[in-house]
Amino acid sequence: MHYLDNAATTKVSSEVADTIYEVMKTHFANPSSLYNIGMYAEQVIETARAQVAASLGCKPEELYFTGCGTESNNIAIQGAVTARKAWGKSIVCTGFEHPAVYKQLDRYAKEGYNVTFIAPDANGHIDEEAIVATVEKDTCLATFMHVNNEIGTVLQVADIAKKIKAKNNRTAVHVDGVQAWGKTFIQLNKTDIDSYSISGHKVHVPKGIGALYLRKGFHIEPPFLGGGQERGIRPGTENIPYIAGLGKAAELLYDGQTAYVNDTHVKILHKALMDGLAQMENVVINSPKEATPYVVNFSMLGIRSENLLHFLEAKEIFVSSGSACSKGAASHTLLAMKLPDERIDGAVRVSFCAESTLEDVQALLQGLQDANKELAKVRK
Ligand code: PLP
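Below is a short write-up of the structure. What you see is a predicted model; the values in this text were computed from it and never measured. (Residues numbered from 1 in each chain as written. Predicted model: local features only at pLDDT ≥ 70, side-chain atom pairs only at ≥ 80, totals over all residues. Heavy atoms only, no water.)

## What about the overall build of the protein?
Going by this rule: Helix and strand assignments come from DSSP, with helices taken as H or I runs of at least 4 residues and strands as E runs of at least 2, each series counted from the N terminus. As a reference, a globule follows 2.2 Å times the number of residues to the power 0.38, and the radius of gyration itself is taken over C-alpha atoms. Per-residue and other accessible areas follow the Shrake-Rupley method at a 1.4 Å probe size, with only the shown protein chains counted as cover for residues.
Looking only at helices and strands, the protein features twelve helices and twelve strands. Here the C-alpha radius of gyration of the protein, 21 Å, is about what a compact globule of 380 residues would show, namely 21 Å. Expressed as lengths along the three principal axes of its C-alpha atoms, the size of the protein is roughly 65 × 50 × 35 Å. Total accessible area computed for the protein in this model is approximately 16,500 Å², and 53% of it derives from carbon and sulfur atoms.

## Notes on the site of the ligand
Note the threshold: It suffices for a single heavy atom of a residue to lie within 4 Å of a molecule or strand for the residue to be listed as near it. Polar contact is the term for a pair of N or O atoms within 3.5 Å; when the atoms are in protein, one must be able to donate a hydrogen and the other to accept it, and sequence-neighboring residues count only if both atoms are side-chain atoms. Residue polarity is assigned by list, with Asp, Glu, Lys and Arg as charged and Ala, Val, Leu, Ile, Met, Phe, Trp, Tyr, Cys and Pro as nonpolar; anything else, Gly included, falls into the polar class.
Contacts to the ligand come from 13 residues, most closely from Thr70, Asp176, Gln179, Ser199 and Lys202. Between Thr70 and the ligand, the recorded distance is 2.6 Å, taken from a side-chain N or O atom to an oxygen atom. One of the side-chain N or O atoms of Ser199 is found 2.6 Å from an oxygen atom in the ligand. Protein contacts shield 92% of the accessible area of the ligand, which totals 390 Å² for the unbound molecule. If you tally residues by element for the shell around the ligand, the top one is helix H3 (residues 69-83), at three residues. For the shell around the ligand, the class distribution of residues is three nonpolar, eight polar and two charged.

## A short note on the pattern of salt bridges
Where we set the bar: Between Lys or Arg on one side and Asp or Glu on the other, a salt bridge is scored when a side-chain nitrogen of the former is within 4 Å of a carboxyl oxygen of the latter.
Under the counting rule described, the total for this entry stands at 15 salt bridges. Here Arg215 ties to Asp194 by a salt bridge, and the two come within 2.7 Å at their closest N and O atoms. On the criterion of sequence distance, the pair formed by Arg215 in the loop between strand E8 (210-214) and helix H7 (240-254) and Asp194 in the loop between strand E6 (172-176) and strand E7 (195-199) is long-range, its members being 21 residues apart. Note that Asp275 is salt-bridged to Lys271, the shortest N-O span being 2.7 Å. Separated by four residues within a single helix, Asp275 and Lys271 lie in helix H8 (residues 264-278), roughly one turn from each other. One continuous salt-bridge network, built from bridges that share partners, spans Glu46, Arg49 and Glu230.

## What to know about the sheet that holds E7
Threshold: Following DSSP output, two strands are said to pair if at least two bridges run between them. With axes taken as lines fitted to C-alpha atoms, and helix axes fitted only over the stretch in contact, angles between N-to-C directions fall between 0 and 180 degrees. Working rule for contacts: check all heavy atoms of both residues, and any pair within 4.5 Å makes them a contact.
Taken in spatial order, the seven strands make up an open sheet running E2-E8-E7-E6-E5-E3-E4, and their pairing is mixed. The two strands at the open ends of the sheet, each matched to only one other strand, are strand E2 (63-66) and strand E4 (114-118). The sheet shows a mean angle of 15 degrees between the axes of neighbouring strands, direction not considered. Bridge count between strand E5 (residues 139-145) and E6: five bridges; the pairing is parallel. Following the sheet pairing, Thr143 is matched in E6 by His174. Sheet strands touched by helix H4 (residues 99-110): strand E3 (90-94), E4, E5 and E6. Its angle to E4, the strand with the most contacts, is close to 145 degrees. Across the sheet, helix H6 (residues 157-167) is in contact with E5 and E6; its angle to E5 comes to roughly 170 degrees.

## Here's the deal with the packing of helix H9 (residues 305-313) against helix H12 (residues 358-374)
Here is the rule we go by: Each angle is binned into one of four classes, with values under 35 degrees roughly parallel, values over 145 roughly antiparallel, values of 65 to 115 roughly perpendicular, and all other values oblique. Here a crossing is called left-handed whenever its near helix is offset anticlockwise from the far helix by less than a right angle, and right-handed whenever the offset is clockwise.
Where H9 contacts H12, the two axes come as close as 10 Å, and the packing angle between them is 120 degrees. Comparing their axes, H12 and H9 come out oblique. Classified by chirality, the crossing of H12 by H9 is right-handed. Within the contact between the two elements, H9 uses Leu308, Phe311 and Leu312 and H12 uses Leu364, Gly367, Leu368, Asp370, Ala371 and Glu374. Of the residues in the contact of H9 with H12, the class split is six nonpolar, one polar and two charged.

## Quick notes on H12
Rules: By definition here, a helix of n residues has an expected span of 1.5 Å times n minus one. The cut-offs for exposure are 20% and 50% of the maximum accessible area for each residue type, with area from a 1.4 Å probe on protein chains only; residues under the lower value are buried, those over the upper are exposed, and the others partly exposed.
In a regular helix each residue adds 1.5 Å, so 17 residues correspond to 24 Å; H12 covers 24 Å between its end C-alpha atoms and thus fits that length. What H12 keeps buried is the set Asp360, Val361, Ala363, Leu364, Leu365, Gly367, Leu368, Asp370, Ala371 and Asn372. Buried residues in H12 make contact with strand E1 (2-3), H8, strand E10 (295-300), H9, strand E11 (317-318) and strand E12 (347-351).

## Looking at the packing of aromatic side chains
To keep it simple, the criterion reads: Any Phe, Tyr or Trp ring, taking Trp's six-membered ring, that has another such ring centre within 6.5 Å forms a pair; planes under 30 degrees apart are called stacked, those over 60 apart edge-to-face, and the others tilted. Geometrically, a lysine NZ or arginine CZ counts as sitting over a ring once it is within 6 Å of the ring centre and also within 35 degrees of the ring normal.
Under the definition given, this model contains one aromatic pair. Summarising the aromatic geometry, the rings of Tyr108 and Tyr113 are spaced 5.2 Å apart at their centres and angled 70 degrees between planes, so their arrangement reads as edge-to-face. Overall, the relative accessible area of 10% leaves Tyr108 in the buried class. Residue classification places Tyr113 among the buried positions, given a relative accessible area of 16%. Just above the ring of Trp87 sits the side chain of Arg170; from NZ or CZ to the centre is 3.9 Å.

## Section: the environment of Glu342
Note that Glu342 resides in helix H11 (residues 341-345). For the pair Glu342 and Ile303, spaced 39 residues apart in sequence, the C-alpha to C-alpha distance is 8.7 Å. Each residue touching Glu342, except ones within four places of it in the same chain, is listed here: Leu301 and Gly302.

Structure below.
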């Protein structure tokens, strides 16, 4: 099997699975209970909090466990907007956010907020200065992703946050870091970012666990009400095994405090894929040149991506036609880039993880060449 859809989700690593299984068997007590086995369960959570915080360059008390990246984005965005409703009237974001962000902003626009979406250009770049220029006195929120999930654009999030704060230090700055965590190095405490979302299943942890960084002193009104877990930011009895799994992943990805991301291997795969694609006449690359090496988006002109996907699937090669959340709908990002229909219809996303191999890339390139011959019959 050649699984090349790691931006959709990843296979759980055996170290993470072992950690989860151990914790599941041992620490069943409720971490809010006052007796000792409850306290041991709480210690598991605090160990994981310290591990994840180290990977993000923040303090453990600035980190809150959540159910997923979507939930982190919802808590941060709704929490920030509600807390600033007395004066906030405007919001700015990019035009290629994940639905976990842009659907909330669409709703704020319907409620009367002045929401500005800064669209990517045809090369997949965002004009970062335009985000800053849009910030006004009444801008309660600026939200933008660190790494785009569909084409891999990397935003200079620390830089943008700094410029926004210089213009209006009351504007909440949220970053969706779901596709960046484990693949990009960031030290949040050295930035002006107020909140940052991550998700476990993009980095070899099961689905259903995420985390949210909230800078110390940054005020939000939590959208969920309940018990005092996660200091009221995300109430609900904690998923201790998965929290421990997220902590383990942080340790594996970032080697503890010496936060460093080794992407040398993925860069080699990326180059091999790009070199192979360059040999194919009907391939156009949709990812920007400086994109993360983990994501390559391209179009095979004349072949519908859905047909290509199933053709490759028969050879046990798994890629995506856009983001997993879009279920085959035209890519939100490529539409925002205003690409011609033919490129949108033929778009394919390949996404690597550290375990991807050169054999995977070779199998894919061979599969694409075969598709070019065999799918010619079903070309539009
Ligand atoms: N943000 C981005 C950029 C994503 O790619 C995803 C998942 O695809 C999410 C948010 C949502 O994360 P989750 O699936 O953990 O809810």
